[in-house]
Amino acid sequence: MNKKHWRKPIAIAIVALWLIAPAAMPYVKAERNPNPMVLPPNSRPFGMTYGEWSAKWWQWALSIPAPENPLLDETGALCGSGQSGKVFFLAGVINVSGTATRNCVVPAGKALFFPILNFEADNYVCVDPDTNLTIDELRDLAKSFMDMATDLECEVDGVPVEDLMGRYRAVSPPFEITLPENNVFPVAGCTDPFPLTFPAVSDGYWVMLAPLSVGHHTIHFHGSLPSFNFTLDITYNLTVVARKP
């Protein structure tokens, strides 16, 4: 692997459980859903796969200027930046410690989508512009980082999400990145990134959580990349509020 591609990944996360009744089939025992409030990773929530949602997440996260970007926010004050539609994105953090405790208000009826750990690979952000990896090579690069992931944990209101490493890994289709001025990459140690990048790909562990009930909820998630001495540990204190009539 070319070392110039190696940069500390932007990690993220959060999770929970949703009751989805499996379709009844004669003489066939339905598979138990170990996380009833999580939309199944092999489903198509709101018409897209987990992998397709992961591309949308990256486009959201990287389109927001640094002063308003949730990735740089340790308190939750910026968690509403750039949000739209039926799915509310939650972010990890770019800081030295890899830790954050956030207080965040979420409108009722919004699903939550977030990575526990993830990695984005492309030819132009943080690397030599003469690099020209194919999509398959970019996928291999992202995979090499996510294959190192360990200690994945996620709890929603104290209830652990089961089998994160076995079920919740997703790879994106190729997608395009459009970076604003004053974007997050210089903060992450990159200089002079291209404003428009294609293709980019993502690999990581993701969760799509069904809408939470109105009230207070706590989400805690954790993951490590020991080879890079990187650990993410984040707590979200969520307040889900009813929409105005």
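Note that this is a predicted model, so its numbers are computed, not measured. The numbers attached to residues start from 1 for each chain and follow its sequence in the written order. In keeping with the model being predicted, local features are shown solely for residues with a pLDDT of at least 70 and side-chain atom pairs are shown and tallied solely at 80 or more, while totals for entire chains, interfaces and linings include all residues. No hydrogens and no water enter the side-chain calculation; it runs on all heavy atoms of the structure.

(A) Summary view of the pairing of strand 9 (residues 215-225). The buried label applies to any residue whose accessible area, calculated with a 1.4 Å probe on protein chains only, is under 20% of its type's maximum; exposed applies above 50%, and partly exposed to all values in between. Helix and strand definitions here come from DSSP, where helices need a minimum of 4 consecutive H or I residues and strands a minimum of 2 consecutive E residues; each element is numbered from the N-terminal end. Buried residues dominate strand 9, accounting for 8 of its 11 residues. Note on pairing: two strands pair once DSSP finds at least 2 bridges between them. Looking at chain direction, strand 4 (residues 150-156) and strand 9 are connected through 5 bridges and run antiparallel. When the bridges of strand 9 are listed, Glu153 appears paired with His222. As paired elements, strand 9 and strand 10 (residues 230-241) share 11 bridges and run antiparallel to each other. Its bridge partner being in strand 10, Gly215 is matched across the sheet by Val240.

(B) Representation of helix 2 (residues 135-146) within the structure. Over its 12 residues, helix 2 runs 17 Å from end to end, which matches the ideal 16 Å to within 8%, given 1.5 Å per residue. Elements in contact with the buried residues of helix 2: strand 3 (111-122), strand 6 (169-171), strand 8 (196-209) and strand 9. Here the expected span of a helix is defined as 1.5 Å times the quantity of residues minus one. By definition, residues are in contact when any of their heavy atoms lie within 4.5 Å.

(C) Inspection of the packing of aromatic side chains at higher detail. Between rings of Phe, Tyr and Trp, where Trp is taken as its six-membered ring, a pair exists when centres lie within 6.5 Å; planes separated by under 30 degrees are stacked, by over 60 edge-to-face, and by other angles tilted. The tally for this structure, following the rule as stated, stands at 12 aromatic pairs. Aromatic side chains Trp60 and Phe89 sit 5.3 Å apart centroid to centroid with 45° between the ring planes, which places their arrangement in the tilted category. Remark: Phe89 occurs in strand 1 (residues 87-89) and Trp60 occurs in helix 1 (residues 50-62); sequence separation between them is 29 residues. The burial state of Trp60 is the same as that of Phe89; both residues are buried.

(D) A look at the state of the cysteines. Two cysteine sulfur atoms form a disulfide, by the criterion used here, when they sit within 2.5 Å. Overall, the coordinates contain 1 disulfide when judged by the stated rule. A sulfur-sulfur distance of 2.2 Å marks the disulfide that ties Cys79 to Cys104. Taking the sign of the S-S torsion, about 95° here, the bridge from Cys79 to Cys104 comes out right-handed. Of the two residues, Cys79 is situated in the loop between helix 1 and strand 1 and Cys104 in strand 2 (residues 99-107); the sequence distance between them amounts to 25 residues. Its relative accessible area of 1% is what places Cys104 among the buried residues.

(E) Inspection of the sheet that holds strand 9 at higher detail. The strand order 2-10-9-4-5 describes an open sheet built from 5 strands, whose pairing is mixed. The open sheet has two edge strands with one neighbour each: strand 2 and strand 5 (159-160).

(F) Region of the structure containing unusual backbone geometry. Put simply, Phe198 and Pro199 share a cis peptide bond, and its omega is -5°. In this model, Asp151 sits at a positive phi of 55°, which is unusual for a non-glycine residue. Position of Asp151 among the secondary structure elements: in strand 4. Accessibility expressed as a relative area gives 46% for Asp151, which makes it partly exposed. Even without being a glycine, Asn229 presents a positive backbone phi close to 50°. Taking the relative accessible area as the measure of exposure, Asn229 reaches 72% and is therefore exposed.

(G) Up close: the confidence of the model for the chain. Confidence of the prediction at every residue is given by pLDDT, a number between 0 and 100. Across the chain, the average pLDDT comes to 85, with 85% of residues at 70 or higher. Predicted confidence is poor over residues 1-30, with pLDDT under 50, and the contacts of this stretch with residues over four places away or in other chains come to 109 contacts.

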